[in-house]
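# Coordinate inspection notes
Single-letter residue listing:
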Amino acid sequence: MMKLFCLLATFALVACGSGKDLAGVETIGVTYADGQLLGSSIFTGEYRIIPLSAPTADAQIREVERVMFARDRIFVMDRRGNKVLAFDGSGRFVASTAPLMGRGHNECIRVIDAAVDCDSGLVYAFCDAPYCVMVLDFNLRLKRKTDLGFYLSEVAQDSRYVYGLQRSGDGKTGSRIVAIDKRRPESAPRTVVQTEKGVMGVLTTAGKSLTNFGDTVLACLPHDNIVYMLHDGKEVGAFGVDFGSRNPEGLLDGLRYDAFLSRNKKSDWIIHNMACSDSLMLFNTNSHYVYVVDLTASSCRTAMTFVNERFPFSTSLMLPAQGVKGCVVYGLKQDDLTGYVRRRQERGKPVAQSLVEASARCDGKGNPVLVVWKLRGSRSN
């Protein structure tokens, strides 16, 4: 992590002397290719397959928005299903926050996002109805609830602070990332980074703009193209990504989201789902491209399609993950895995033993299979 820290800090420090800068930080240009981006250029051969069980209705996941690994637990943020779920390390269901969600006055009605503190064994689940944070143990038992006077649309944390994304209100554009002291969550949040760029109205896409790299948070504001490194309540490094002809237009023009989208049909206006090793950073955009930043060479590349030729299933859409530093997490349908294994076996064709074993653990109840790939340039986790 120290190598990444030094690289990002260098980007921030040398920016003022560069002729190619963006908002005061050094930028990395993107090289586009018409062919395929191969997984062998990004991943090592190491991966884990974790089918998530669903023995009860409370265990069923509608959509995985964030995955958090801590100790012997896997936590899943399911905003569409309005809950946080806990599984053990092999994917067996442990608990859900579904029984904690109420309908009455001052009850927690909607959970928005969650962050996990491995050291303290606590889960922070932020709600927007009402604005509050539920502090839970690793079995998702409620320890306390603290009312808040502010709203956060997504969160991530380091050892002392929770960082949250806030969008401007009162008809203004822009957004900011704030830091909240976990020891005093009811205290007013402090702005860490902010931008006036944005559009009028709600314009979102699948993915998260805040994620973790060890005890550091990687963050990017919507409609901005600067990747920030946050630690101990402050910015400790940053670099920008220059998308060239795919840079968005009109971000300071006060456009409504529909007018903005009409103008930017082929632009990349959000960076999210970041994953990092000591020398590589991957991220998605609203186009679901996989962008690969070589932090050592200060370069970025992408291609029209992504193919992981080491694995029979490929997807370009990564899952935001905490607690698996130097890894990328993907979601796979159980039916796709079990069907593939069954067809190969019926035809007498070879199939990897890891896939056979994972297929045997699938319960057919609809929850996804998590596939965790180790990135090149990663030290042992």
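Residues numbered from 1 in each chain as written. Predicted model: local features only at pLDDT ≥ 70, side-chain atom pairs only at ≥ 80, totals over all residues. Heavy atoms only, no water.

### Let's talk about helix H4 (residues 353-361)
One turn of the α-helix equals 3.6 residues, which is why residues spaced by three or four share an orientation. Let me state the cut-off plainly: For the exposure calls, accessible area comes from a 1.4 Å probe over protein chains only, and a residue counts as buried if that area is under 20% of its type's maximum, exposed if over 50%, partly exposed in between. Runs of E in the DSSP output that reach at least two residues are strands. Runs of H or I that reach at least four are helices, and both are numbered from the N terminus. By arc we mean the arc of the directions from the helix axis to the C-beta atoms, nothing more.
Within H4 the residues assigned to the buried category are Leu 355, Ala 358 and Ser 359. Buried residues of H4, seen end-on, are gathered within an arc of 105 degrees and therefore sit on one face of the element.

### Looking at the pairing of strand E14 (residues 175-181)
Our working rule: At least two bridges found by DSSP between two strands is the condition for calling them paired.
Within E14, six of the seven residues are buried, leaving the element largely enclosed by the surrounding structure. Sheet topology places strand E13 (residues 161-167) next to E14; seven bridges connect them, and they run antiparallel. Within E14, the position partnered with Tyr 161 by the bridge is Asp 181.

### Considerations on the side chain of Lys 208
Mapped onto the secondary structure, Lys 208 falls in the loop between strand E15 (190-195) and strand E16 (210-213). The class for Lys 208 is buried, based on a relative accessible area of 5%.

### Some remarks on the sheet that holds strand E9 (residues 122-129)
What counts here: Axis definition: a line fitted to C-alpha atoms, limited for helices to the stretch in contact. Angles are taken between N-to-C directions and run from 0 to 180 degrees.
Here we have four strands laid out as an open sheet, ordered E8-E9-E10-E11, and antiparallel in their pairing. Lying at the two open borders of the sheet, with one neighbouring strand each, are strand E8 (110-117) and strand E11 (142-147). On average, adjacent strands in this sheet sit at an angle of 20 degrees to one another, irrespective of strand direction. Pairing between strand E10 (residues 131-136) and E11: five bridges, direction antiparallel.

### Focus: the packing of helix H3 (residues 334-346) against H4
Our working definition: Here roughly perpendicular refers to angles of 65 to 115 degrees, roughly parallel to angles under 35, roughly antiparallel to angles over 145, and oblique to all remaining angles. Two helices cross in a left-handed way if the nearer one is turned anticlockwise from the farther one by less than a right angle. They cross in a right-handed way if the turn is clockwise. Working rule for contacts: check all heavy atoms of both residues, and any pair within 4.5 Å makes them a contact. Polar here means any residue other than Ala, Val, Leu, Ile, Met, Phe, Trp, Tyr, Cys and Pro, which are nonpolar, and Asp, Glu, Lys and Arg, which are charged; Gly is therefore polar.
Between H3 and H4, whose axes approach to 9 Å, the crossing angle comes to 125 degrees. With respect to H4, the element H3 is oriented oblique. As for the relative orientation of H3 and H4, their crossing is left-handed in sense. For the pair H3 and H4, contact is made by Leu 337, Thr 338, Tyr 340, Val 341 and Gln 345 and by Leu 355, Val 356, Ala 358 and Ser 359, respectively. Looking at the contact of H3 with H4 residue by residue, the classes come out as six nonpolar, three polar and no charged.

### Quick look at H3
Spelled out, the test is: Multiply 1.5 Å by the residue count of a helix minus one, and that product is the helix's expected span.
Taking 1.5 Å of rise per residue, the 13 residues of H3 would be expected to cover 18 Å, and the 18 Å separating its terminal C-alpha atoms lies within 8% of that figure. Of all the residues in H3, the buried ones are Gln 334, Leu 337, Gly 339, Tyr 340 and Val 341. At the exit of H3 stands Gly 348, carrying a positive phi of roughly 70 degrees.

### Re the nonpolar core
Using the following cut-off: Remark: nonpolar core denotes a set of buried residues (Ala, Val, Leu, Ile, Met, Phe, Trp, Tyr, Cys) joined through side-chain atoms within 4.5 Å.
Ranked by size, the top nonpolar core spans 27 residues in total, and within it Ile 42, Phe 43, Leu 282, Val 328 and Leu 337 carry the most contacts. Of all the elements in the fold, those that place two or more residues in this core are strand E3 (43-51), strand E21 (280-285), strand E23 (299-307), strand E25 (327-332), H3, H4 and strand E26 (369-375). In terms of residue count, E26 provides more of this core than any other element does, four residues in total. With residues near it in sequence (within four places) discarded, Ile 42 still touches Leu 37, Leu 280, Leu 282, Val 292, Phe 306, Leu 375 and Arg 376. Residues Val 30, Phe 213, Phe 243 and Met 274 belong to the second largest nonpolar core, which totals 21 residues.

### Some points on the sheet that holds strand E4 (residues 66-70)
Sheets are built from strands paired through backbone hydrogen bonds, the pairs being either parallel or antiparallel. The five strands lie next to each other as E7-E6-E5-E4-E24, forming an open sheet whose pairing is mixed. Edge positions in the open sheet fall to strand E7 (93-96) and strand E24 (321-322), since each of these has one partner strand only. Pairing between strand E6 (residues 83-88) and E7: three bridges, direction antiparallel. Each bridged residue has a counterpart across the sheet, and for Leu 85 the counterpart in E7 is Ser 96.

### Topic: the environment of Arg 66
Basically, it comes down to this: Throughout this description, a polar contact denotes any pair of N or O atoms lying within 3.5 Å of each other; where both atoms belong to protein, one of them has to be capable of donating a hydrogen while the other can accept it, and for residues adjacent in sequence the pair is counted only when both atoms sit in side chains.
Residue position: Arg 66 is located in strand E4. Assessed through its relative accessible area of 3%, Arg 66 is described here as buried. Linking Arg 66 and Gly 207, residues 141 residues apart in sequence, is a C-alpha distance of 8.3 Å. Sequence-distant contacts of Arg 66, that is, excluding residues within four places in its chain, are made with Phe 75, Val 76, Met 77, Asp 113, Ala 114, Glu 154, Val 155, Lys 208, Leu 210, Thr 211 and Pro 320. A polar contact is formed between the side chain of Arg 66 and the side chain of Asp 113, at a distance of 2.9 Å.

### Examining the pattern of salt bridges
Applied cut-off: Between Lys or Arg on one side and Asp or Glu on the other, a salt bridge is scored when a side-chain nitrogen of the former is within 4 Å of a carboxyl oxygen of the latter.
Summed over the entire model, instances satisfying the criterion amount to 20 salt bridges. Among the salt bridges present, the one from Asp 88 reaches Arg 92, with a minimum N-O distance of 3.1 Å. Two residues, Lys 197 and Asp 224, come together in a salt bridge whose shortest N-O distance is 3.5 Å. With Lys 197 in the loop between E15 and E16 and Asp 224 in the loop between strand E17 (216-219) and strand E18 (226-231), the pair connects residues that are 27 residues apart, well separated along the chain. Residue classification places Asp 224 among the buried residues on the basis of a relative accessible area of 6%.

### A few points about unusual backbone geometry
Leaving glycine aside, a negative phi is the common case for residues, and trans is the common case for peptide bonds. The amide bond that connects Ala 129 to the next residue, Pro 130, takes the cis arrangement and shows omega of -5 degrees. Following the sequence through the fold, Pro 130 ends up in the loop between E9 and E10. One non-glycine residue, Asn 82, lies in positive phi territory at about 60 degrees. Here Asn 82 lies in the loop between strand E5 (73-78) and E6. Phi at Asn 273 is positive, roughly 55 degrees, even though this residue is not glycine. Inspection of the secondary structure assignment puts Asn 273 in strand E20 (residues 271-276).

That is the geometry; function is a separate question.
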